[in-house]
Amino acid sequence: MKISKTLSADGDTAICQIDRRRSDANAWQATIFIGGTFGGGTASIKLSPDGGTTKYAIKDFTGTNISTTSAAVFTTQPVGNGDTLTDYITVYASLTGSTNPSINVTLFDNR
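Draft legend 1. Highlighting the side chain of Thr68. Relative to the assigned elements, Thr68 resides in strand E6 (residues 67–68). Accessibility expressed as a relative area gives 9% for Thr68, which makes it buried. From its side chain, Thr68 meets the backbone oxygen of Ser70 in a polar contact 2.6 Å long. Apart from residues lying up to four places away in sequence, Thr68 is in contact with Ile34, Phe38, Gly41, Thr42, Ala43 and Phe74.

Rendered as structure tokens:
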């Protein structure tokens, strides 16, 4: 599934919700394209298990937090929620330290 969001100010923007279990053979994975005018800011991708109260950095396949100050492409490590399909994890794009940004975040996942 393709999901796109534009970041035009610092803060967190919800991108999608993951509703796949970790134990599934095909846990959630995504390729994420980040590009545009960064305005000196840093864009990152985070996960939240509680609707945005707590956020954690998501890692790419090398184990590095997904974060960039210029155009980049990342592939996530496999991610999943708890053992029930009623739990979900929210994916956020986060922008900090920017001035007049216009960043496009496009996510292609395996849903």
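Draft legend 2. Representation of the pairing of strand E3 (residues 30–37) in the model. Pairing of E3 with strand E9 (residues 102–109) involves eight bridges; the strand directions are antiparallel. Each residue of the ladder has a partner; that of Gly36, found in E9, is Ile103. The pairing of E3 with strand E7 (residues 72–75) spans four bridges and is classified as antiparallel. If you follow Ile32 over to E7, its bridge partner there is Phe74.

Thresholds applied
Residues numbered from 1 in each chain as written. Predicted model: local features only at pLDDT ≥ 70, side-chain atom pairs only at ≥ 80, totals over all residues. Heavy atoms only, no water. Helix = DSSP H or I, 4+ residues; strand = E, 2+ residues; numbered from the N terminus. Buried < 20%, exposed > 50% of the residue type's maximum accessible area, 1.4 Å probe, protein only. Polar contact = N/O pair within 3.5 Å; in protein donor to acceptor, adjacent residues only side chain to side chain. Contact = heavy atoms within 4.5 Å. Pairing = 2+ DSSP bridges.

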